[in-house]
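Below, each chain spelled out in residue letters.
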Amino acid sequence: MFALAMRSIRQRPGRFTATLFSSFLGALIIMTFNSMHDTAAGPGVDDRSAETLTVAASVVGGYGSLLVFFAVASTLTVAVRQRSEEIQLLRTSGATPAQIKRMIVGEAFVVALLGASLAVVPAMFGGQLLLDVFQDSGQVAGSVEHSFGAIAFATGFDITLLAAVGAAFLAVRRAGRANGKRPGRARNFFACAALVAGALSLSATFLLDSDAEIMMAPPAYGAILLSVGCALLSTRILPGVLSVLEGPVTALAGAGGYLTVRNMRQRAAQLSNVLMPLILFTGMAVATLYMQGVENDAVKASGLVKDADAKTLETLNYAVVGIIVAFCCIMLINTLYAATSYRVREFGQQRLAGATPQQVLAMVGAESAVLTVTGVALGSLTGFAGVLAFTSVRTDQVLPGQGLGIWLAVAGIATAVTVGTSMGTAWRRLRTPAVDAVAVAA
Amino acid sequence: MLGNKRDRAGVSGRQTDEALRLVKVSKSYGEGESAVRALDGVSLSLARGTFTAVMGPSGSGKTTLLQCAAGLERPDSGIVMVAGEEMSQGSEAQLTKFRRRRIGFVFQQYNLLPTLTVAQNTILPLKLAGRRIDKAKARAVLEQVGLGGRLRHRPDELSGGQRQRVAIARALVTEPTVVFADEPTGALDIRSARDVLRLLQEAVRVHGRTVVMVTHDPVAASYADSVVFLADGRIAGHMERPTVDAVAERLAHLGDELNGSDHASPLGV
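Conventions we followed
Residues numbered from 1 in each chain as written. Chains lettered and ligands numbered in written order. Predicted model: local features only at pLDDT ≥ 70, side-chain atom pairs only at ≥ 80, totals over all residues. UniProt positions renumbered as here; feature names shortened; annotations may be inferred. Helix = DSSP H or I, 4+ residues; strand = E, 2+ residues; numbered from the N terminus. Contact = placed C-beta atoms within 7 Å. Domains from an automatic or database assignment. Expected span 1.5 Å × (residues − 1). Bend = angle between axes of the 7 residues up to and from the residue. Buried ≥ 20, exposed ≤ 12 C-beta atoms within 10 Å, placed from the backbone. Pairing = 2+ DSSP bridges. pLDDT = per-residue confidence, 0-100. Axes fitted to C-alpha atoms, helices over the stretch in contact; angles between N-to-C directions. Parallel < 35°, antiparallel > 145°, perpendicular 65-115°, else oblique. Left-handed = near helix turned anticlockwise from the far one by under 90°.

Chain B goes by ABC transporter ATP-binding protein in an unreviewed UniProt entry, where it is assigned to Streptomyces polyasparticus.

Per an unreviewed UniProt entry, the recorded name for chain A is ABC transporter permease, and the organism is Streptomyces polyasparticus. Quoted verbatim from the Subcellular location (unreviewed entry) field of UniProt, the annotation for chain A is "Cell membrane". According to UniProt, the comment filed for chain A under the heading Sequence similarities (unreviewed entry) is "Belongs to the ABC-4 integral membrane protein family."

Structure (structure tokens):
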């Protein structure tokens, strides 16, 4: 079965692009940040430099790793779900569930291994660049040499492989079940576990000193875990959102909107996999950007750092947080692209039933709009939960003094990316003649 | 029979007795030396209210013929007319709108939308066309195909034969001039296949539709009023009131002729 896995990877590399890309990018992020641990442990690094590096690695590297874990896992889940027909075919050809599991999990392992291996060299350069930024801002002594060692290497491979293999295992178990009628008790369990862990992580913020260096870590972890919990629960939330939005969606998108509402009701479980990166992006962007803003203001107000230095520090921190937010955004695009490309056959069937390409696009557009509203709402909720916890400990206020500008920007980007990627991909897929589109997977 | 004024204005060709006409339709795939001529100047005229089977060996161009006639493929040259109106060569949206009022489809793989119920699948073409939805009529069509008790089921809860009957109901609900069926019984057992073929017959005899069915099965073809044989992208003969044996024999003969002209590639049925 492992041989079959290898063959299927070699024969159809295109199917694995999304998975390969996400494990590559995930490993790159983890290795880049965690190489700061290795660098800090190097010989002749002064205490202050070592501290800056360790804090960056454990705070941003820490929640970054958790984020990568869920991002890679969600891409993998989407990818395995798309192969249910192939899995069905294998089963009818006499493959046992264990063999199918070995094949899918084996594939995920190989692809993630490849992705992580490809990320090693870029991560060395990435780490060097990150160190340069720290050195330019004067946070780290110029004499410190970048080192890419065991910690970067081990965390990069471990987390990427664990996320890929774990997600493939869970997804194939679901896909392999003869008729997955039992709406996952496991899903509910994971959702509750993520929400509880998130709430605990948020409460941990209150146990810290208001000027602890790692203050940003617990609320960021909390926001990520709450986002994951919400994404898993979205199978329950979506029907509610749909019943509210059914009227406007059908009114605005006509027959396309009619299809949207019916589709989304039936496909709530699949859609929650697409919602995961959207909620993560919104939640992470809101949480990290606002927290950084609050932190910057607090540093400025304390007067401990000179104005010029405060400015550099601000830029540095935004740059670091920006990497994480950009990563979330790319993962969102990646997932949406993979999920929409897969629907070429469904689009073909709709066109054969008499839908014009415009109606199919209207359907996809309406669907993205509902997803965006749900995802941005839940993401903002989880993001602001983190921000409020952080702000109330770091300052003596509850609300951050940053205004709504950041949130509006984040929501705007989330909307543009979701609607743009889905409709752009659908538009390209619609160029395949309907008859061929239907034949693809038949 | 027609729902509103827009309908009547849109289908002025309804007066003609000709449901489908193909004039010198040609279609090639690929380019240069490797180009394959799937259809080679096929002309054909089918009257309203007829049931025609299109038969031929694999690779004879029968599916291409159906797809060109149904506006799913654009022919390289030639004219396709449905109900007296020439099929537009415009955008896909224009072609889709042309098809909505005149053409219904039944495919071997059913092509029902898995997220919609039986009833929703059936009325989908009306929804998409923005036409008034007569629920009673939709139910009547579904009862006619024997699925009146399964309106709320989804396609994956139905057998192959039941799914194909939903597909037939969906094809008939728009009251099209021509219904194209591509191997409609190809994936069905004998009993379900017979039900499906009887429904197609009924659509012609009782409701006055015109049915064009591509098949390789002489038994399926024997339900039709006439058979058109294709070989090498050209029309190779007609047969009225076909019987299973006569069709099978003619098909075997077609193969002989081809073998005689081209020893390099013997073609089976």
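Asks: Looking at this model, I keep getting lost on the overall build of chain B. Mind explaining?
Replies: A tally of regular secondary structure across chain B gives nine helices and 10 strands. If you take every contact in chain B between residues at least 6 apart in sequence, the share linking residues at least 24 apart comes to 68%.

Asks: Would you mind going over the UniProt feature "domain: ABC3 transporter permease C-terminal" (unreviewed entry) in chain A with me for this structure?
Replies: In the UniProt entry, the feature "domain: ABC3 transporter permease C-terminal" (unreviewed entry) is given for residues 64–178 and 320–433 of chain A. With 82% helix and 0% strand, residues 320–433 of chain A has end C-alpha atoms that lie 45 Å from one another.

Asks: What am I meant to see in the domain arrangement of chain A here?
Replies: It is common to give the size of an interface as the accessible area lost on bringing the parts into contact. Residue and element names in this part refer to chain A. Entries for chain A in the domain assignment read domain 1 (1–182) and domain 2 (183–442). Taking only C-alpha atoms, the centre of domain 1 and the centre of domain 2 are 21 Å apart. Contacts between domain 1 and domain 2 engage 32 residues on the former and 33 residues on the latter. Looking at the side of domain 1 that touches domain 2, the elements that each hand over two or more residues are α2 (17–40), α3 (47–81) and α5 (97–136).

Asks: Just checking my understanding: could you explain the interface of chain B and chain A for this structure?
Replies: At the interface, 22 residues of chain B touch 21 residues of chain A. Elements supplying a minimum of two residues to the side of chain B that touches chain A: α3 (92–102) and α4 (118–129) of chain B.

Asks: Where do I start with α3 of chain A in this structure?
Replies: Note: α-helices contain 3.6 residues per turn, so residues at a spacing of three or four share the same orientation. All names here are of chain A. An ideal rise of 1.5 Å per residue puts 51 Å on 35 residues; α3 measures up with 49 Å between its terminal C-alpha atoms. Along α3, the helix axis deviates most sharply at Gly-61, where the bend reaches about 30°. The buried fraction of α3 is high, at 25 of 35 residues.

Asks: Which parts of the structure should I look at to understand the pairing of strand β2 (residues 36–47) of chain B?
Replies: One face of the sheet, then the other: side chains in a regular strand alternate in exactly this way. All names here are of chain B. Bridge count for strand β1 (residues 18–29) against β2 is eight bridges, and the pairing is antiparallel. Looking at β2, one finds that Arg-21 is bridged to Ser-45. Following β1, the chain reverses through six residues before pairing antiparallel with β2; Gly-30 in that reversal takes a positive phi of roughly 80°.

Asks: It is not clear to me how the environment of Ser-203 of chain A should be interpreted in this structure. Could you clarify?
Replies: In this structure, Ser-203 of chain A sits in helix α7 (residues 185–205). It is 31 Å that separates the C-alpha atoms of Ser-203 of chain A and Ala-268 of chain A, two residues lying 65 residues apart in sequence.

Asks: Just to check I follow, could you spell out the confidence of the model for chain A for this structure?
Replies: Detailed reading of predicted coordinates is not advised where the pLDDT is low. For chain A, the mean per-residue pLDDT works out to 86, and 94% of the residues sit at or above 70. Helix α13 (residues 405–429) of chain A holds the highest mean pLDDT among the elements of chain A, 94, whereas helix α1 (residues 2–11) of chain A holds the lowest, 70.

Asks: Mind showing me how you'd approach the packing of helix α8 (residues 217–266) of chain A against helix α9 (residues 268–302) of chain A here?
Replies: Axes are the key here: two packed helices are described by the angle between their axes and the distance separating the axes. All names here are of chain A. The interhelical angle for the contact between α8 and α9, taken along N-to-C directions, is 125°, at an axis separation of 7 Å. Our classification of the angle between α8 and α9 gives oblique. Where α8 crosses over α9, the two elements pack in a sense that is right-handed.

Asks: Sorry, what's going on with the sheet that holds strand β7 (residues 178–182) of chain B here?
Replies: Through backbone hydrogen bonds, the strands of a sheet pair up, either in parallel or in antiparallel fashion. Residue and element names in this part refer to chain B. In spatial order, the strands read β6-β7-β8-β3-β9-β10; together these six strands make up an open sheet with mixed pairing. The open sheet is flanked by β6 (103–107) and β10 (234–240), the only strands paired with a single partner. For this sheet, the mean inter-axis angle between neighbouring strands, taken without regard to orientation, is 20°. Note: strand β9 (residues 226–231) against β10, six bridges, orientation antiparallel. Within β10, the residue paired with Val-227 across the bridge is Met-239.

Asks: Can you help me understand unusual backbone geometry in this one?
Replies: Both trends apply: most residues other than glycine have a negative phi, and most peptide bonds are in trans. All names here are of chain B. Look at Ala-83: it is not a glycine, yet its phi comes out positive at around 50°. As for its position among the elements, Ala-83 is in the loop between β4 (77–82) and β5 (85–86). On the basis of neighbour counts, which here come to 23 C-beta atoms within 10 Å, the residue Ala-83 falls in the buried class. With a phi close to 55°, Asp-232 is a non-glycine residue in the positive phi region. In this structure, Asp-232 sits in the loop between β9 and β10. Among the residues examined, Asp-232 registers 20 C-beta atoms within 10 Å and is labelled buried.

Asks: Sorry, what's going on with the sheet that holds β5 of chain B here?
Replies: Pairing is antiparallel across the open sheet formed by four strands, whose spatial order is β2-β1-β4-β5 (chain B). Edge positions in the sheet fall to β2 and β5 of chain B, since each of these pairs with one other strand and no more.

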